[in-house]
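# Commentary on secondary and tertiary structure
Spelled out, the chains give:
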Amino acid sequence: MKSRQRTLRIMLSGILLMATLACGVYVYRYESNKQEEARIESAKEEEEKAAKEAQEKEELTEDANTDNAEAQVPTETPAVESQDNVTETQTQPEADAADVDADTTASDAVLPALDFNEGTLLNLPLSGEILIPYNMDNTVYFSTLDLYRCNPAVMIAAEIDTPVAVVANSQVASIKEDAVTGTTVTMDMGNGYQAVYGQLKDVNVEEGQTVASGTVIGSINAPTKYFTKEGTNLYFSLTKDGSPLDPSLYLPPETE
């Protein structure tokens, strides 16, 4: 009897052990499957993310190319509009010819012609001694900087608040603040000629404005730190198609 009970307990123990092992194997496989599924899902998300980023990058590139193409379009627009304006002007009734001539005459009076050439003699921007002469072939001495260097302009001595006048009929090309020449006005005089006026203050013209020769455009300011030893002065230069010219060859001589 005792032997049978012992055998029965052993059998029950074996069954419980097998059941426990079976449960363990099932749980292990279940967890392994979950991890594999999670890994596959993560890989899919990474692929989708990479694909999305690639698509966004491609769209940005296309947008940039489109913007560049659109930015280039306006360069041709003025010519087209200009042709249209010419056509419209040419097709206006003869009855309007008198009005057009009147408007042209008024415009000419307000906007002087810009036709500077080598034979044109400039007016003086102001009266004063040349402190540092033009010289692009050799060097000249700059006392504040204590060095010799080429000079594409002339520095004309003048007191603070001295009015500065344009030397010829001109159109304002730019008004800028420069570390060396302070407030600086660049004027187009026509045919590729430009005049540059530096060390100014109280500038009373605007970019695009056309003024007649002799018009005051500002006054002399205190010199920048690059010309403290030279003293207050007008920085004045001339260029032809961007190449410097000697202003003293075009300015009239000082009168006593």
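This one's a predicted model, so the numbers in the text were calculated from it and none came from an experiment.

## Things to note about the confidence of the model for the protein
Counting all residues, the mean pLDDT for the protein is 79, and 75% of those residues have values of 70 or more. pLDDT under 50 marks residues 63–91. Its contacts with residues more than four places away, or in other chains, come to zero contacts.

## Observations regarding the pairing of strand E6 (residues 170–178)
Successive side chains on a regular strand alternate, one facing one side of the sheet and the next facing the other. Two strands pair when backbone bridges link them, and E6 and strand E9 (residues 210–211) are joined in this way by two bridges, in the antiparallel orientation. Counted as the bridge partner of Gln-171 is Thr-210 from E9. Relative to strand E7 (residues 182–190), E6 is paired through seven bridges, and the arrangement is antiparallel. Across the sheet, Val-172 pairs through a bridge with Met-187, a residue of E7.

## Some points on the pattern of salt bridges
Inspection of the entire model under this criterion finds two salt bridges. Its salt-bridge partner being Lys-201, residue Asp-161 comes within 2.6 Å of it at the nearest N-O pair. Linking Asp-161 in the loop between strand E4 (154–157) and strand E5 (163–165) with Lys-201 in strand E8 (residues 193–201), this pair joins segments that are 40 residues apart in sequence. Its relative accessible area of 47% is what places Asp-161 among the partly exposed residues. You can call Lys-201 partly exposed: its relative accessible area is 22%. With its nearest N and O atoms 3.7 Å apart, the salt bridge here joins Lys-240 to Asp-241.

## Some points on unusual backbone geometry
With a phi close to 55°, Asp-146 is a non-glycine residue in the positive phi region. Considering the arrangement of structural elements, one finds Asp-146 in the loop between strand E2 (135–142) and strand E3 (147–151). One non-glycine residue, Asp-202, lies in the positive phi region at around 55°. With respect to the helices, strands and loops of the structure, Asp-202 is situated in the loop between E8 and E9. Look at Asp-202 and you get exposed, because its relative accessible area is 58%.

## What about the side chain of Ser-170?
Here Ser-170 shows up in strand E6. The exposure class assigned to Ser-170 is buried, which follows from its relative accessible area of 0%. Separated by 2.6 Å, the side chain of Ser-170 and the backbone oxygen of Ala-168 make a polar contact. The contacts of Ser-170, once residues within four sequence positions are left out, are Leu-114, Met-187, Asp-188, Met-189, Gln-209, Thr-210 and Val-211.

What counts as what
Residues numbered from 1 in each chain as written. Predicted model: local features only at pLDDT ≥ 70, side-chain atom pairs only at ≥ 80, totals over all residues. Heavy atoms only, no water. pLDDT = per-residue confidence, 0-100. Contact = heavy atoms within 4.5 Å. Pairing = 2+ DSSP bridges. Helix = DSSP H or I, 4+ residues; strand = E, 2+ residues; numbered from the N terminus. Salt bridge = Lys/Arg side-chain N within 4 Å of Asp/Glu carboxyl O. Buried < 20%, exposed > 50% of the residue type's maximum accessible area, 1.4 Å probe, protein only. Polar contact = N/O pair within 3.5 Å; in protein donor to acceptor, adjacent residues only side chain to side chain.

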